[in-house]
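Fold and geometry: a report
Chain by chain, the residues run as shown.
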2 protein chains.
Amino acid sequence: MSVNQVKREIPDKYAKQYGVYAGEFTNVKPYEAVKRPIKPITPHDSKMVDSIHDAIVKTGLKDGMTISFHHHFREGDYVMNMVLDEIAKMGIKNISIAPSSIANVHAPLIDHIKNGVVTNITSSGLRDKVGAAISEGIMDNPVVIRSHGGRARAIARGDIHIDVAFIGAPSSDEYGNINGTKGNATCGSLGYAMIDAKYADQVVAVTDTLVPYPNTPISIPQTDVDYVVKVDAIGDPSGIAKGATRFTKNPKELLIAEYAAKVITESSYFKNGFSFQTGSGGAALAVSRFLRKAMIDEDVKASFALGGITNAMVELQKEGLVDKLIDVQDFDHPSAVSMAENPDHYEIDAESYASPLSKGSFINQLDVAILSALEVDTNFNVNVITGSDGVLRGASGGHSDTSAACKMSIVVAPIVRGRIPTIVDDVQTVVTPGESVDVVVTELGVAINPNRPDLIEMFKDMKVPQFTIEELKEKAYAITGTPAKIHYGDKVVALIEYRDGSLIDVVKNV
Amino acid sequence: MSVNQVKREIPDKYAKQYGVYAGEFTNVKPYEAVKRPIKPITPHDSKMVDSIHDAIVKTGLKDGMTISFHHHFREGDYVMNMVLDEIAKMGIKNISIAPSSIANVHAPLIDHIKNGVVTNITSSGLRDKVGAAISEGIMDNPVVIRSHGGRARAIARGDIHIDVAFIGAPSSDEYGNINGTKGNATCGSLGYAMIDAKYADQVVAVTDTLVPYPNTPISIPQTDVDYVVKVDAIGDPSGIAKGATRFTKNPKELLIAEYAAKVITESSYFKNGFSFQTGSGGAALAVSRFLRKAMIDEDVKASFALGGITNAMVELQKEGLVDKLIDVQDFDHPSAVSMAENPDHYEIDAESYASPLSKGSFINQLDVAILSALEVDTNFNVNVITGSDGVLRGASGGHSDTSAACKMSIVVAPIVRGRIPTIVDDVQTVVTPGESVDVVVTELGVAINPNRPDLIEMFKDMKVPQFTIEELKEKAYAITGTPAKIHYGDKVVALIEYRDGSLIDVVKNV
């Protein structure tokens, strides 16, 4: 058993294979990006195939291989279920899947796991049913949870070797020029899929909207695509927008947002040309509104807003408060529409967005990030993957990436959720190490990480209640009592990779 | 001595190293695209360096390495001379250079060759002074002439291993997000440079216009760039537009253009959704005007026009006659401006444009191409690299790429130039094999390649004089007499690579 820098025990077997977390930038070292095989296409060749079945046959997909998907269709995705059903029907077994994330709509995956079709998974996250099943221990091999930047790194470095990427393409021409802004299942940015297309051995574009050649704009180019298959539907537009971000009326969330906005506007980062990222959580989203007011009042404009883009950011840009939106993923339909129409709303891939081993990612240039949390502990470690019951139900997302790279990371969370404390002695699972987290904002006030004395000095006169993180935890426990310890089993059901590829934690069965 | 499929003698030494030409698609086989080393950039790192000198030091450039440049600045390029001067000053020797092409402005290269700074060259072309010097035999190693698609292939496959790419960047931010549409030396598309950035071990952006982060649109992304250096000027805008394409008034060229347009409009390819590429030569350009009239008269619209883009194509698109311009290079300033403003004027890289080993290039989807020639022989072989005196002065460009891939390739040329025949028994140098050339158009009439009986049938009632290629040659020789044989020396001064990497010809010293 190895103990890593955030004091988590990593079983030797995995510690040896992955290494253990030893600091934010310790493992950032030169490497060689993978080479990939190319099957050239001559003028006489066609890339069109008649069905998913035929595409699978053409790629030579077989037992033991790795396939990938993207999660830009969110709860509206049809592609992963469609492909896995066909693979199962063809009797192919022992497949590793490497989707950029997994949603509730992918519950049929549970049967494919039980039947031995899928035996390895890497993903950013696992939602309700699939997460619960994994936490019960239905897989022999642990799921590998990777951040968005970590996944891009893993693919570029060959830690994930994708044999075949199946890419849901909102629109494609017959040669595989793809974008996400035209078609029936428009999702906007294809930032996560772009990386799969760039590095996978073979790429199958699955589309329901075949457009005349050449399709532009080109998010994924014909030079990255081997086969194109047209199906009836790749996604449900209402599912793509599902859970889409509405403005909160919850007074607790509004207070958190107001405090978080204050932390930004009272900081030295808040000046013309500053940059920010907000998540899609209720409080995180609401920050935009308070920020907007301050930007107007103080005549401050942002150079760019980054990340998963929401309509709240689109509105700020339309008002001239933000120069550019840099977009790896769209959380709602208006954002997808904006990316199609506005040249200053710019699509980027996951490697540019957040890979720790790229020649520079956008998050490195980011001033401020607002991030949500399921739990924060007194070492500022953050959990965004397991519930208070220890069950997998969240997603790593860009949390650890952005926190490590930006100049000031702000984690927003209510002090308690129902009868469950959010600020705790020890998070169930560490996804983001405390050294990356600068300010924790709750409805009762903020705690600044002692490893940022510059921020403590900067905020000494700020008109927001300030506490130590221990004091916040005490306030939480005063409401909820000390939380009962969860009884985990002995089986490791998930490995939590830090963005550099080392293990920051493991999750055991419940 | 090997003899290749177009009956050219290739010295064994080179035949062994490169293979010899054996047919248009014979050598199109699966391969592995190169891997590249990545030096990751953390949030604390800067990519800015103070000078070309410092950039060279940082990259560790040393004797024997290969560096590359792009030719989008044409006769206005300052970057190659600037970098080579610095390398010479630093005492670095035995450098291989791999610019996408070489212009007259690069005459200082001659001294760097003589001084042993530059000992190997690969390029699409060689203009007057440099070409003459090479043909005199000033280099020990032959220059390797590659087509635009062939160069992309060579870089992707590792035949050209670029240690450091120096990329003239009309605009860049401090992280190396580059485009060619903003700045002082705007050149529009950076199609050739994009490939260098994608595959080179290290990339230095050399800019005179540093813009706030993030620079968009992103032609070359920060994830491909290691260092950024700001200099006073990277290019002369008037030189970039030099030799820019004016509409010809030469009656011979106009007649050729009229005939060539006729070949297109009388063909079965001329229908809604057709696609075409025209070069930038006088007659080729003039084709656009005749084509325009026919498109209006017959209500035919093109889906896309491809290639080096000229204002003539931009005008067609503005009139609604062409849906999209697909742009690897801009031949004039209005084209660069159009690419900046019009989302349907779309930038692509050289690999997408023309690589024979990519997963499908744009030329594969092309119906008709108009191409110029210095010489055409009675086997339809085309020379675009050596003059009638055997001296290197032209450029391979996309000639062999487009000819091989499009559905109908039309070579336009006057029957004689001055007292020199253009249609000859044997071209001085084969760049494009006859099997790729479908129709030769002169001011006296056209010759259709007998290997295209479908075209002979298609054009049997066309109201343009038709001859065999031998007849056209006789008409030329009747004017000029049989041309005297050139006395070449024994030294191989240039290898002419076919797009697949095999040798289609060699050039000896004069």
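Calculation criteria
- Residues numbered from 1 in each chain as written.
- Chains lettered and ligands numbered in written order.
- Predicted model: local features only at pLDDT ≥ 70, side-chain atom pairs only at ≥ 80, totals over all residues.
- Heavy atoms only, no water.
- UniProt positions renumbered as here; feature names shortened; annotations may be inferred.
- Pairing = 2+ DSSP bridges.
- Helix = DSSP H or I, 4+ residues; strand = E, 2+ residues; numbered from the N terminus.
- Contact = heavy atoms within 4.5 Å.
- Buried area = accessible area lost by both parts, 1.4 Å probe.
- Salt bridge = Lys/Arg side-chain N within 4 Å of Asp/Glu carboxyl O.
- Polar contact = N/O pair within 3.5 Å; in protein donor to acceptor, adjacent residues only side chain to side chain.
- Nonpolar A, V, L, I, M, F, W, Y, C, P; charged D, E, K, R; others polar.
- Buried < 20%, exposed > 50% of the residue type's maximum accessible area, 1.4 Å probe, protein only.
- 1 Å grid on protein atoms, 1.4 Å probe; cavity = no way out; pocket = protein on both sides within 12 Å on 5 of 7 lines; lining within 4 Å.
- Points joined across faces, edges and corners; volume = space filled by probe spheres on them.
- Domains from an automatic or database assignment.
- Phe/Tyr/Trp six-rings, centres within 6.5 Å; stacked < 30°, edge-to-face > 60°.
- Least-squares fit on C-alpha atoms with pLDDT ≥ 70 in both.

As annotated in an unreviewed UniProt entry, chain A carries the name Citrate lyase alpha chain and comes from Lactiplantibacillus plajomi. Here is the UniProt Subcellular location (unreviewed entry) comment for chain A, exactly as written: "Cytoplasm".

**A closer look at the sheet that holds strand β26 (residues 439-441) of chain B**
All names here are of chain B. Taken together, the 9 strands give an open sheet; going across it, the order is β18-β17-β16-β15-β19-β22-β26-β27-β28, and neighbouring strands pair in mixed fashion. The sheet is open, and its two edges are formed by β18 (345-347) and β28 (466-467), each paired on a single side. Note: strand β15 (residues 274-278) against strand β19 (residues 368-372), 3 bridges, orientation parallel. Within the sheet, the bridge partner assigned to Gln-277 lies in β19 and is Ala-369.

**With respect to the interface of chain A and chain B**
Contact residues are listed per partner, giving 56 residues for chain A and 56 residues for chain B. In total, chain A and chain B occlude about 4700 Å² of area from one another, counting both sides; carbon and sulfur atoms represent 59% of this. For the pair chain A and chain B, the interface holds 4 salt bridges. As a salt-bridge pair, Glu-32 of chain B and Lys-35 of chain A come within 3.3 Å of each other at their nearest N and O atoms. Applying the counting rule to chain A against chain B returns 24 residue pairs in polar contact (both at pLDDT 80 or more). Mapped by element, the contributors of at least two residues to the side of chain A that touches chain B are β3 (31-33), β4 (36-38), β13 (202-207), β16 (302-309), β17 (322-330), α13 (350-354) and α14 (399-405) of chain A. Split into classes, the residues belonging to the side of chain A that touches chain B amount to 27 nonpolar, 15 polar and 14 charged. Alignment of β3 of chain A against strand β4 (residues 36-38) of chain B, held across 3 bridges, turns out to be antiparallel. Bridge pairing links Glu-32 of chain A to Pro-37 of chain B in β4 of chain B.

**Section: the environment of Asn-94 of chain B**
Residues and elements named next belong to chain B. Mapped onto the elements, Asn-94 comes out in the loop between α3 (79-89) and β7 (95-97). Judged by relative accessible area, Asn-94 falls into the partly exposed class, the value being 38%. Along the chain, Asn-94 and Lys-62 lie 32 residues apart, while their C-alpha atoms are 8.7 Å from each other. Beyond its immediate stretch of four places on either side in the chain, Asn-94 contacts Asp-63, Gly-64, Met-65, Gly-116, Val-117 and Thr-119.

**Section: empty space enclosed by the protein**
Following the criterion strictly, the structure yields 3 cavities of 30 Å³ or more and no others. Here the largest cavity defines a volume of roughly 180 Å³. Lining the largest cavity, in full, are Ala-33, Val-34, Lys-35, Arg-36, Lys-198 and Tyr-199 of chain A together with Ala-33, Val-34, Lys-35, Arg-36, Lys-198 and Tyr-199 of chain B. Elements represented by at least two residues in the lining of the largest cavity include exactly α7 (191-199) of chain A together with α7 (191-199) of chain B. Residue composition of the lining of the largest cavity, grouped by class: 6 nonpolar, no polar and 6 charged.

**Considering the side chain of Thr-66 of chain B**
By the element assignment, Thr-66 of chain B lies in strand β6 (residues 66-68). Thr-66 of chain B has contacts with Ser-96, Ala-98, Ile-160, His-161, Ile-162, Asp-163 and Val-164 of chain B, leaving out every residue within four places of it along the chain.

**What to know about the domain arrangement of chain A**
All names here are of chain A. Split by domain assignment, chain A resolves into domain 1 (50-236) and domain 2 (251-488). For domain 1 and domain 2, the distance between their C-alpha centres works out to 29 Å. In this complex, domain 1 contributes 35 residues to the contact, which on the side of domain 2 involves 31 residues. Both sides of the domain 1 and domain 2 interface together cover about 2400 Å² of buried area, and 57% of this is carbon and sulfur.

**Quick notes on the sheet that holds β13 of chain A**
Residues and elements named next belong to chain A. What the 10 strands build is an open sheet, ordered β5-β14-β13-β10-β6-β7-β8-β9-β29-β30; its pairing is mixed. Among the strands making up the open sheet, the edge pair consists of β5 (48-49) and β30 (503-508). Here β13 runs beside strand β14 (residues 227-230); their pairing, made up of 4 bridges, is parallel. Bridge pairing in β14 links Thr-207 to Lys-230.

**Remarks on the pattern of salt bridges**
Residues and elements named next belong to chain A. Taken as a whole and assessed by the stated rule, the structure comprises 44 salt bridges over all chains. Put simply, Asp-426 and Arg-8 hold a salt bridge, and the shortest N to O gap is 3.9 Å. Of this pair, Asp-426 sits in the loop between β25 (423-424) and β26 (439-441) while Arg-8 sits in the loop between β1 (2-3) and β2 (9-10); the two residues are 418 residues apart in sequence, bridging distant segments of the chain. Note on Asp-426: relative accessible area 51%, which makes it exposed. In this structure, the salt-bridge partner of Glu-474 is Lys-473, at a minimum N-O distance of 3.0 Å. Given a relative accessible area of 43%, Glu-474 falls into the partly exposed group. A relative accessible area of 9% places Lys-473 in the buried class.

**Brief notes about the packing of aromatic side chains**
Residues and elements named next belong to chain A. Under the criterion given, the structure shown has 16 aromatic pairs over all chains. Taken together, a centroid distance of 5.8 Å and an interplanar angle of 90 degrees make the contact between Tyr-175 and Tyr-213 edge-to-face. Separated by 38 residues along the polypeptide, Tyr-175 in the loop between β11 (171-172) and β12 (178-179) and Tyr-213 in the loop between β13 and β14 bring together distant segments of the chain. Each member of the pair, Tyr-175 together with Tyr-213, is buried.

**A few points about the environment of Ile-102 of chain B**
Residues and elements named next belong to chain B. With respect to the secondary-structure elements, Ile-102 resides in the loop between β7 and α4 (109-114). Of the residues examined, Ile-102 reaches a relative accessible area of 2% and is grouped as buried. When the C-alpha atoms of Ile-102 and Val-225 are compared, they prove to be 23 Å apart, with 123 residues separating the residues in sequence. Setting aside its immediate chain neighbours within four residues, Ile-102 contacts Met-80, Ile-97, Leu-109, Ile-121, Ser-123, Gly-125, Leu-126, Arg-127 and Val-130.

**Some details on the relation of the copies chain A and chain B**
Mapping chain A onto chain B is achieved by rotating through 180 degrees and translating by 0.0 Å along the same axis, at an RMSD of 0.0 Å. Interpreted geometrically, this transformation is the action of a two-fold axis. Distance from the rotation axis, computed per C-alpha, reaches its smallest value in chain A at Lys-35 of chain A: 2.1 Å. Interface overlap between copies: 100% of the residues of chain A at the interface are likewise at the interface in chain B, consistent with a symmetric, same-surface contact.

**What to know about the environment of Ile-420 of chain A**
All names here are of chain A. Assignment of secondary structure puts Ile-420 in strand β24 (residues 420-421). For Ile-420, a relative accessible area of 37% corresponds to the partly exposed category. For Ile-420 and Ala-154, which are 266 residues apart along the polypeptide, the C-alpha to C-alpha distance reads 35 Å. Those residues within four positions of Ile-420 in sequence are excluded, and the remaining contacts are Ser-388 and Thr-480.

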